[in-house]
Amino acid sequence: MKRFLIATAALAACLFSVSAQTLQQAETLWKQGHYSDANTAFRELVAKYPDNPEYRVRWGRLFLEYGQTSEAKDLFDEALKLKPNDATAILGLALTAAADYSGEAPALARKALEADPKLVEAQETLALLALEDNNNKAAAEEAHKALEIDPKAVQARAILAVMDRSEEHTSELQSLR
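The following paragraphs examine the structure supplied in this document.

## A closer look at the layout of surface pockets
Over the atoms rolls a probe the size of a water molecule, and in doing so it shows where empty space is left. Here the largest pocket is characterised by a volume of approximately 150 Å³. Lining the largest pocket are L95, A98, Y101, E121, E124, T125, L128, L129, E132 and Q155. Among the secondary structure elements, those contributing two or more residues to the lining of the largest pocket are helix 6 (87–99) and helix 8 (120–132). Ranked by the residues each element gives to the lining of the largest pocket, the list is headed by helix 8, at 6 residues. Counted by class, the lining of the largest pocket contains 5 nonpolar, 2 polar and 3 charged residues.

Next up, the structure:
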């Protein structure tokens, strides 16, 4: 009986273990909300491919999504040691700085854009940061720049929509006076 239980436990462990063969598997686990399994998958990918900065960037984004900015920053820094001008790693640092309410966020987002002028998420980040600073003019300018990069940029469109609605609401309130 004891051997049967041990064999059953071993079989279950094999069936439910996460073997990160690909980035896609790690990303799928993440998207499905299996944070712990995704974390394990990314760890395995980085161990198997230590010279691949993309795996560290994606793993950092996982940590960032769950508010673990210190771990995320470490992974973005590691990616930059492997590939010094990696725009996605620099953007990761910008997003980490933004999450930590650091004034470095805009400069880092601009640096990411210098590394990759087509990185729409960096441009959208600048728009969002300007909006958060109540600088609607800069937010609109940055959002329009994002739309020049990608006319379907969802976050840029959302920022402009929020600003339009806010202006409508302000006008309505002023007309009530």
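## Regarding the nonpolar core
The biggest cluster of nonpolar side chains holds 37 residues, and the ones touching the most others in it are F42, W59 and L91. Breaking this core down by element, the ones donating at least two residues are helix 2 (23–31), helix 3 (35–48), helix 4 (53–65), helix 5 (69–82), helix 6, helix 7 (105–115) and helix 8. In terms of residues, this core owes the most to one element, helix 6, which gives 8 residues. Other than its neighbours up to four places away in sequence, W59 contacts N39, F42, R43, V46 and L75.

## A closer look at the packing of helix 4 against helix 5
Contact geometry for helix 4 and helix 5: axes closest at 8 Å, N-to-C directions at 165 degrees. Overall, the two elements helix 4 and helix 5 adopt an arrangement that is roughly antiparallel. Crossing angle aside, the handedness with which helix 4 passes helix 5 is left-handed. Seen from helix 4, the contacting residues are P53, R56, V57, W59, G60, R61, F63 and L64; seen from helix 5, they are T69, E71, A72, L75, F76, E78, A79 and L82. A per-class count over the contact of helix 4 with helix 5 returns 10 nonpolar, 2 polar and 4 charged.

## Remarks on the packing of helix 6 against helix 8
Where helix 6 meets helix 8, the axes come as close as 10 Å, and the angle between the chain directions of the two elements is 20 degrees. What the angle tells us is that helix 6 and helix 8 run roughly parallel. The handedness of the crossing between helix 6 and helix 8 is left-handed. Of the residues in helix 8, those in contact with L91, L95 and A98 of helix 6 are E121, A122, T125 and L129. A breakdown of the residues in the contact of helix 6 with helix 8 according to their chemical character gives 5 nonpolar, 1 polar and 1 charged.

Each value, and the rule that gives it
- Every residue gets a number counted from 1 within its own chain, in the order that chain's sequence is written.
- Totals for whole chains, interfaces and linings use every residue, but because this is a predicted model, local features are given only for residues with pLDDT of at least 70 and side-chain atom pairs only at 80 or more, for both listing and counting.
- Side-chain descriptors were evaluated using all non-hydrogen atoms of the structure, hydrogens and water having been removed beforehand.
- Grid points spaced at 1 Å over the protein atoms alone were grouped into cavities, where a 1.4 Å probe fits but cannot get out, and pockets, open sets with protein on both sides within 12 Å along at least five of seven lines, with lining residues defined by an atom within 4 Å of a point.
- Grid points are joined across faces, edges and corners, and a volume is the space filled by probe spheres set on the points.
- Helix and strand labels come from DSSP, where a helix needs a run of H or I of at least four residues and a strand needs a run of E of at least two; each type is numbered from the N terminus.
- In this classification, Asp, Glu, Lys and Arg are treated as charged, Ala, Val, Leu, Ile, Met, Phe, Trp, Tyr, Cys and Pro as nonpolar, and every other residue, Gly included, as polar.
- The definition of a nonpolar core used throughout is a set of buried Ala, Val, Leu, Ile, Met, Phe, Trp, Tyr and Cys residues joined through side-chain atoms within 4.5 Å.
- Summary of the burial criterion: residues with accessible area below 20% of their type's maximum are buried, those above 50% are exposed, and those between are partly exposed, where the area comes from a 1.4 Å probe applied to protein chains only.
- In what follows, a contact means two residues having at least one pair of non-hydrogen atoms within 4.5 Å.
- Only C-alpha atoms enter the line fits that serve as axes; for helices the fit covers just the stretch in contact. Angles between N-to-C directions range over 0 to 180 degrees.
- Any angle that is under 35 degrees is reported as roughly parallel, and any over 145 degrees as roughly antiparallel; angles of 65 to 115 degrees are reported as roughly perpendicular and all others as oblique.
- Crossing handedness is defined as follows: a turn of the near helix away from the far one that is anticlockwise and smaller than a right angle gives a left-handed crossing, while the clockwise case is right-handed.

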